[in-house]
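Summary of structural features
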Amino acid sequence: MNQDESKMVAEDDLLDLFRPRRTDPEGFDEAVQRKIEKRQSSREQQPTARWQRAAATALPFSPSSSKGVGWILSLPFLMLIGSVLAFTSGVRAAGRRKPTAKRPGDAKAGSAIETLLHFGPFLIIVAPWLFGITVTIDVLMGLLIVAMLAFTLQVRGSGMAPSEVGRIGMSLLSTAFIACFLWSFTFGPLAADSDIGLGASAGVILLGIAGSGILLWTYGGRSVLSVAGLTMTAVWLAFIATALNPLGLSATDPDDLAADVANFAADPGKLSGWEDIAATIETLDGIGASRPDLSRMRDAIATAVSDRKIKVHPVVWTAAARIGLLTDAQWRDLVSRPGNAREVEQLIDRDGELYMIDYDEYEVWMLCATQELTPALRDHLAARIEATWPDPATPRALSEMLLCVHLFDRIGREDLVDAHRDDIHAAMRRQWVAEHSGFACSVGGFTSDPEEFATSFEDSTWAAVSLMTRVGVPADIDLRLVRAYLRQESRMALAGIGRRLTQLERATLVRVEREIGLPQRTIAQRVLGERVLIATSLLVLLCWISVVLAARAQVLRSIES
Amino acid sequence: MTPPGPDLDHWTRTFRGPLIGLLVSRGADWGRAEELAQDTFAEGWLSWSRFQGSPNNLKAAGAWLRGIALRLHGADSRRRRRRRTQELHEDLAADPPPPVDPRLEALDEAIAKLPPGQQEVVRMRYLEDSPPAHVAALLGITKKAVERRLYEARQKLRDHVNRAERVGAAQ
């Protein structure tokens, strides 16, 4: 191409024009490396494929995980398999019973209960998805009580042996147990209104089963319970007691949270646990409990500041910043690092929203700790945080709002949080997984994106509850349902392991119960709230009465004959 | 961290300037464009297993990175639209730093009046003095096409600047 340079603008002029806008190559490369590390970190934590995300809403384990034993042992998976097996065996048992279905003397209610028991576990799987867990449990409990009451009334004249009555009664109690307690691991709002909690009802049922066994032993003799049956019952009860935590122990005293902090292996080189421990300490601060000794964590952070070879994830710096583990001198040391200095400069020089705020929150802390916040700088930062403030309809809005609230607090503009109250409430309403959310499991908490996930997530719920402590609870969010979800998640499965895994949920539960507080109720509402406990107590009572009535009838028949 | 395939440094040296120029031309401000370019390299490097071609093939690598960059930019723009706090295609004149030299200022204004395709190659080529071949690889066009656009753009810019100088002198 014949190019007459005199007719064109000079290349040097164009290069001069763009030169001030060139990026610093070294800083650019560093930023790329950091973004790679951040992405790798977040990919390790999240399932990527769409089917995996969908599966993750229904399963409590990562479908891509290679830890086969772990997820096979997870309870809902066992429950699903167990229920399908129960259904299959129910069908087979029903088939076997047909020829003898009209045994003289059988109580009609007994046959009805047995049919219900055979197919009950399978229905328990399906019904909550279709009708909601609260309605299902109320209806199921009502059905069981009516059936058991009818059975009890017919027992005396039926001529059934106490062992047969006891077997039916214990099966019924077991079904109630399955319905109420095993599925409570999957469906949050079970007995959401109950202040006592499901643990008491579980205790009543287990007591009822044990009591029925003793009654059978007393009235039916040793032959009633075979060695195999006793062994199976003992194993079953031991499994329930150890693995399922039926009493709902959850280690949610401030002392428990303080113990979590004391036991935390503070390693700044590892990302794991820092966010949760910061949440726990924020909770202790929020409820006015005294902080445990943080000297070990301070020392670990001090080492990480002085030793640049230790690679510290931004999330760790942010967590340490929030709970005040860094001194001003340490912040000055940190800001002297080339990458950090550049980031702080960009905070000041640039306008518009803050990028990757979820990772880089600590940079604002670093800026505030190392520079005087003049009114102009404060306004500049406030404007950038305002620009970052998410629309309530965006995914992860609550989490991002909480980050912005932290930053508003840090720059001393708490007044701007109140200005966003309506936005925050709108995001809460949108992300709340209410019971009427359709095909949803783990309801009661908050999801990250209602369009993608119909299930509650602990981090979104933490964000929502933390925001509630600042701007209050919207009228249409049932805090008891939120508590029910957190109770469900906080139950310690296998004490030691579960304790670590449920740390954030337990801290959130403590905030709900002790910092926000639940609305007051009338005595009638309280009694109604304990209907599961009342129903299970009634079932146990009816079961025992049936066994006793059958035993007495048997004695009378033997005397008559 | 072990590189899964490409030489990341080589990629950034080759495409950093053109990529930022491309993103600015598609509506990102300079700061945002730089961050999106960083994201593009990070994303490209991490999703390397899905790349079909040789990392040393300039055209293949350019097309791969362009796809990622435009996807990230699209997602970023949608996110901004939802937020309604900032308009898409922000006024580039609002970006720092403004040229101090009146001649360069006139040139800056003149670039904004060029057709989009010409603006694009000018920014991609001259931001970091990148060879036209790198610009061409990223745009998925021939080097000749890039040179032609630059030629036309520089001619128009000369005209714009001359006209501006005449107007300035007359005043």
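Residues numbered from 1 in each chain as written. Chains lettered and ligands numbered in written order. Predicted model: local features only at pLDDT ≥ 70, side-chain atom pairs only at ≥ 80, totals over all residues.

**A closer look at the overall build of chain B**
Helices and strands together make up the secondary structure of chain B, namely seven helices and zero strands. Counting the 171 residues in chain B, one finds 40% classified as buried. Considering only residue pairs separated by 6 or more positions, chain B has 69% of its internal contacts joining residues 24 or more positions apart. (Helix = DSSP H or I, 4+ residues; strand = E, 2+ residues; numbered from the N terminus. Buried ≥ 20, exposed ≤ 12 C-beta atoms within 10 Å, placed from the backbone. Contact = placed C-beta atoms within 7 Å.)

**Let's talk about the overall build of chain A**
Counting its regular elements, chain A contains 27 helices and zero strands. A buried classification covers 39% of the 561 residues belonging to chain A. A separation of at least 24 residues holds for 77% of the contacts in chain A among residues at least 6 apart in sequence.

**A short note on the packing of helix H22 (residues 458–471) of chain A against helix H25 (residues 503–516) of chain A**
Residues and elements named next belong to chain A. Contact pair H22 / H25: the axes reach a minimum separation of 10 Å and the direction vectors enclose 20°. One finds that H22 runs roughly parallel with respect to H25. The handedness of the crossing between H22 and H25 comes out as left-handed. Every residue of H25 that contacts H22 at Glu-458, Thr-461, Trp-462, Val-465, Met-468 and Thr-469 is listed here: Leu-504, Glu-505, Thr-508, Arg-511, Val-512, Glu-515 and Ile-516. Residue composition of the contact of H22 with H25, grouped by class: six nonpolar, three polar and four charged. (Axes fitted to C-alpha atoms, helices over the stretch in contact; angles between N-to-C directions. Parallel < 35°, antiparallel > 145°, perpendicular 65-115°, else oblique. Left-handed = near helix turned anticlockwise from the far one by under 90°. Nonpolar A, V, L, I, M, F, W, Y, C, P; charged D, E, K, R; others polar.)

**As for the nonpolar core**
With 110 residues, the main nonpolar core has Leu-173, Ala-320, Leu-398, Met-401, Leu-467 and Leu-539 of chain A as its most contacted residues. For this core, the leading source of residues is helix H27 (residues 531–560) of chain A, giving 11 residues. With sequence-adjacent residues up to four places away left out, Leu-539 of chain A is seen in contact with Leu-144, Ile-145, Met-148, Leu-172, Leu-173 and Ala-176 of chain A. Among the nonpolar cores identified, the runner-up in size contains 48 residues, and Leu-8, Trp-11, Leu-23 and Trp-64 of chain B belong to it. (Core = buried A, V, L, I, M, F, W, Y, C linked by C-beta atoms within 7 Å.)

**Side note on the interface of chain B and chain A**
Of the residues lining the interface, 37 residues belong to chain B; the matching set on chain A comes to 31 residues. Of all the secondary structure elements, the ones that give two or more residues to the side of chain B that touches chain A are helix H1 (8–25), helix H2 (30–46), helix H3 (58–83), helix H4 (102–112), helix H5 (116–126) and helix H7 (143–170) of chain B. Sort the elements by how many residues they give to the side of chain B that touches chain A and H2 of chain B lands first, with 10 residues.

**Remarks on helix H12 (residues 274–286) of chain A**
Residues and elements named next belong to chain A. Its 13 residues place the ends of H12 18 Å apart at the C-alpha level, agreeing with the 18 Å of an ideal helix rising 1.5 Å per residue. Contacts from the buried residues of H12 go to helix H11 (254–262), helix H14 (314–322), H22 and H25. In the segment just after H12, Gly-288 is the residue with positive phi, at about 80°. (Expected span 1.5 Å × (residues − 1).)

**Points about unusual backbone geometry**
Within the chain, Arg-396 of chain A stands out as a residue other than glycine whose phi angle is a positive 60°. Position of Arg-396 of chain A relative to the elements: it lies in the loop between helix H18 (375–388) and helix H19 (397–410).

**Comments concerning the packing of H19 of chain A against helix H21 (residues 421–431) of chain A**
Residue and element names in this part refer to chain A. In contact at an axis separation of 9 Å, H19 and H21 are set at 150° when each is read in the N-to-C sense. Here H19 is positioned roughly antiparallel relative to H21, judged by the angle of their axes. Like other packed secondary-structure pairs, H19 and H21 cross with a definite hand, here left-handed. Residues Ala-397, Leu-398 and Met-401 of H19 pack against Ile-424, Ala-427, Met-428 and Gln-431 of H21.

**Quick notes on the confidence of the model for chain A**
All names here are of chain A. Considering every residue of chain A, the mean pLDDT works out to 78; 74% of them sit at 70 or more. Element-level mean pLDDT values for chain A span from 45 in helix H4 (residues 68–73) up to 94 in H21. Scored below 50 in pLDDT, residues 47–51 shows seven contacts in the model against residues more than four places distant or in partner chains. Note on residues 53–76: pLDDT is under 50 here. Beyond four places in sequence and across chains, it has 27 contacts. (pLDDT = per-residue confidence, 0-100.)

**Brief notes about the environment of Lys-7 of chain A**
Mapped onto the secondary structure, Lys-7 of chain A falls in the segment before helix H1 (11–18). In this structure Lys-7 of chain A touches Gln-155 and Arg-158 of chain B, once residues within four positions along its chain are discounted.

**Here we look at the environment of Arg-430 of chain A**
Residues and elements named next belong to chain A. Secondary-structure assignment places Arg-430 in helix H21. Taking the C-beta count within 10 Å as the criterion, Arg-430 has 17 such neighbours and is therefore assigned partly exposed. On a C-alpha basis, the gap between Arg-430 and Leu-398 in space is 9.7 Å, while along the polypeptide they are 32 residues apart. When near neighbours in sequence (up to four residues on either side) are disregarded, Arg-430 contacts Pro-392, Ala-393 and Pro-450.

**Let's talk about the environment of Asp-9 of chain B**
Here Asp-9 of chain B shows up in helix H1. For the pair formed by Asp-9 of chain B and Phe-41 of chain B, sequence separation is 32 residues and the distance between their alpha carbons is 9.8 Å.

**Quick word on the confidence of the model for chain B**
All names here are of chain B. Scored by pLDDT, chain B comes out at a mean of 79, with 81% of its residues at no less than 70. Taking the mean pLDDT of every element in chain B, the minimum, 80, falls on H3 and the maximum, 91, on H5. With pLDDT under 50 throughout, residues 84–94 is counted as low confidence; its partners more than four residues away or in other chains account for 12 contacts. Under the prediction, the complex receives an ipTM of 0.86, its pTM being 0.61.

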